[in-house]
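Single-letter residue listing:
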Amino acid sequence: MAKKQIYSLLLICFISFVLFFYRLGCLDFYDTIESRRLLISMEMVKSGEWLIPEIDGHVLLTKPPLFYWLGALIIKMFQTSDEWTIRLPSALAGMGCLLVLFYLGLTLYPRGTGLHPLFLPLILATTLLFRGSARLGEPDMVMTFFSTTAILFFFLFMRTQSLLYGLLFFLALGLSMFTKGPLGLVIVLLTLFLYAILYRRLRVFLALPWLSGLLVMIIIFIPWVIFAYLSHPEFFRVIIGEMLGRVTGSVSPHAKPIKYYFSKFDSFYFPWSIFLYGVFFYYLIRVVYLRLKKQAVSLRIDEQSGLALLWTIISLIVLSLVSSKRFYYGVISAPPIALLTYSVLCRLTSKQTYPLRGYIRYVVLITGIGLLVWGILQPAQRILPVLNGEHSPPLKYVLIIVGTAVIAGVLVPERSIKGALWGVIISVALLFIYQTLFLAHKINNQRSPREAVEIALNLLKENRVNEIVEFGDYNHAVHYYLGFTPRFTKNVKVVEDDVLSSVANNKILFITTRKYWTRLPEELRQRVVVKYKSPKTFYSRNKRLYLFQSRAY
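Notes on the structure follow. This one's a predicted model, so the numbers in the text were calculated from it and none came from an experiment. (Residues numbered from 1 in each chain as written. Predicted model: local features only at pLDDT ≥ 70, side-chain atom pairs only at ≥ 80, totals over all residues. Heavy atoms only, no water.)

**A look at helix 7 (residues 140-160)**
Consideration 1: Taking 1.5 Å per residue, 21 residues should reach 30 Å; helix 7 reaches 30 Å between its end C-alpha atoms and fits that length.
Consideration 2: Counted residue by residue, helix 7 has 18 buried out of 21 residues, so it is predominantly covered.
Consideration 3: Following helix 7 by one or two positions, glutamine 161 adopts a phi angle in the positive range, close to 60°. (Helix = DSSP H or I, 4+ residues; strand = E, 2+ residues; numbered from the N terminus. Expected span 1.5 Å × (residues − 1). Buried < 20%, exposed > 50% of the residue type's maximum accessible area, 1.4 Å probe, protein only.)

**Looking at the nonpolar core**
Consideration 1: Ranked by internal contacts, the top residues of the largest apolar core, which has 148 residues, are Phe20, Leu104, Phe130, Phe154, Phe155, Phe169 and Leu192.
Consideration 2: Tallying contributions element by element places helix 7 first for this core, with 13 residues. (Core = buried A, V, L, I, M, F, W, Y, C linked by side-chain atoms within 4.5 Å.)

**Topic: the packing of aromatic side chains**
Consideration 1: Under the counting rule described, the total for this entry stands at 29 aromatic pairs.
Consideration 2: One aromatic cluster is present, formed by Phe154, Phe155, Phe169, Phe170, Phe193, Tyr195, Tyr199, Phe205 and Trp210 through successive ring pairs.
Consideration 3: If you follow lysine 256 out to its NZ or CZ, it ends over the ring of tyrosine 260, 5.4 Å from the centre. (Phe/Tyr/Trp six-rings, centres within 6.5 Å; stacked < 30°, edge-to-face > 60°. Lys NZ or Arg CZ within 6 Å of the ring centre and 35° of its normal.)

**What about the packing of helix 3 (residues 66-78) against helix 4 (residues 83-108)?**
Consideration 1: Where helix 3 meets helix 4, the axes come as close as 9 Å, and the angle between the chain directions of the two elements is 125°. Taken together, the axis directions place helix 3 and helix 4 in an arrangement best described as oblique. Every pair of crossing elements has a handedness; the one defined by helix 3 and helix 4 is right-handed. Where helix 3 abuts helix 4, its residues Phe67, Leu70, Gly71, Ile74, Ile75 and Phe78 lie against Trp84, Thr85, Ile86, Leu88, Pro89 and Ser90.
Consideration 2: For the contact of helix 3 with helix 4, the per-class residue count stands at nine nonpolar, three polar and no charged. (Axes fitted to C-alpha atoms, helices over the stretch in contact; angles between N-to-C directions. Parallel < 35°, antiparallel > 145°, perpendicular 65-115°, else oblique. Left-handed = near helix turned anticlockwise from the far one by under 90°. Contact = heavy atoms within 4.5 Å. Nonpolar A, V, L, I, M, F, W, Y, C, P; charged D, E, K, R; others polar.)

**Description of the side chain of serine 8**
Consideration 1: Relative to the assigned elements, serine 8 resides in helix 1 (residues 3-21).
Consideration 2: Given a relative accessible area of 6%, serine 8 falls into the buried group.
Consideration 3: Leave out the neighbours within four places in its chain, and serine 8 touches Phe102, His116 and Leu118.

**Observations regarding the environment of leucine 60**
Consideration 1: Among the structural elements, leucine 60 can be located in the loop between strand 2 (58-59) and helix 3.
Consideration 2: Along the chain, leucine 60 and isoleucine 239 lie 179 residues apart, while their C-alpha atoms are 9.8 Å from each other.
Consideration 3: With residues up to four places along the chain from it excluded, the contact list for leucine 60 reads Arg36, Ile40, Ile52, Pro53 and Ile55.

**Side note on the environment of glycine 132**
Consideration 1: Positionally, glycine 132 belongs in helix 6 (residues 128-133).
Consideration 2: A sequence separation of 113 residues divides glycine 132 from leucine 19, and the C-alpha atoms of the two residues are 9.3 Å apart.

**Looking at a nonpolar patch on the surface**
Consideration 1: Together, Leu215, Ile218, Ile219, Ile222, Ile226, Tyr229, Leu230, Phe236 and Ile240 line one region of the surface with nonpolar side chains, adding up to about 860 Å² of accessible area.
Consideration 2: Of all the elements in the fold, those that place two or more residues in the nonpolar patch are helix 11 (210-231) and helix 12 (235-248).
Consideration 3: By residue number, the principal contributor to the nonpolar patch is helix 11, which donates seven residues.
Consideration 4: Assignment of secondary structure puts leucine 230 in helix 11.
Consideration 5: Note on leucine 230: relative accessible area 66%, which makes it exposed. (Patch = residues over 30% accessible without salt bridge, like charges linked within 9 Å, V, L, I, M, F, W, Y side chains within 5 Å. Areas by Shrake-Rupley, 256 points an atom, 1.4 Å probe, with all protein chains shown as cover. Salt bridge = Lys/Arg side-chain N within 4 Å of Asp/Glu carboxyl O.)

Shown next as structure tokens:
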């Protein structure tokens, strides 16, 4: 390995530590699902039952267990179970994605045919959605790592025809499927199949070791499926119903319109989404310019850009066709969008002459000025409401800093594109570091589930209440902070329907949400009074947790 590559790898690891790992566990759980992942991994370690995920005595057959195994292994290795524990696999997978993209850049762009391959992982690391997902205890980042690795092994196989790379391709696909189902597999195979057809690589695609590769995938996935079916005969009915329900929205609590990821494109993939918008208009102007000059317009796209474009479009379409949508599901489309951005930059900075090449510097300068003016006029609203419990940087200040960085980069002599690129990367990275160091986890001055539990347990300790009752759907962040699971905690229980009988004891503190509180019968609400003049509210995902106390105490 060349010394320059070693330095690049060390720089990627350092950037990953600063953006993904530093203070990874300092924030409370932002989501009841994130804490649920940790509780399942803790249950595996405690019970010794690793094959079928369980929580509170309920068997979970809807997702493969690989992500839970990773969490359980970290618990065993470090003898700790907290927010950091369940987020570490995502941070490691995020760093792995950067390393994989670095080698993918080396594979697709041999030396001297593009920008330095280090730019490719840097673009991905400074994408807003990718950075936020790398600090989130969800399996989507791990699935993204395996699917991206499969793309790399395919091109290594295409270049060397090595059986090893072919088998590793199928191994990566199998692990992607074993993390969160077939989403990554569908995106990768569909992308490579269309790429092979469009660029006459079908012979290479068919030359993959399909029989032995499928055997590798079967060895990874089928034993767990067989065990799950033998121990729980309803397995296929549950998992097929879950998959169909996620697609149609019939069983999904997160159903959103089909346009969701396209409508959020500018914020999820900021700041590179704005650059891609600018590139689109640049090429539109170029086509108009050529037509006015009555010159031929070539629509041919080189293989690297074609792969990136296919990968991006297919990932966004597949994600959009699935009815169940949450913002971090879209992280699987971040690597192809980073590759697309890198491919366009390589094309713009190549030695090939374009009719408008002399005007690129001015286009970039106008873009930077536009971003700066947009930021000055923009109200101080957030790009995304929540990323891992943190406020994301205000759009106003991001635009001002990025616009200034672009202008400064353009003004460097003969560095119009590369200077602006470095300016954007450094400014966005500094914003992320500022966010990690200084921004609090509180949302709109509301408190977290941890603080709700601390108040409740203090009241219990002071004998001002005899019992804590969580009423409504399970909020696993509350469960964790109450003592991991309610059934192991004295004087704490979960109630779903039998609330009237519970209020017979007047010294009860209820932890519930606005949705469930308003569903209570009027008779019950008259028998319960808010302890404080205004309800104490706490933030948990898109809910509001409320503390209510019974009348007499």
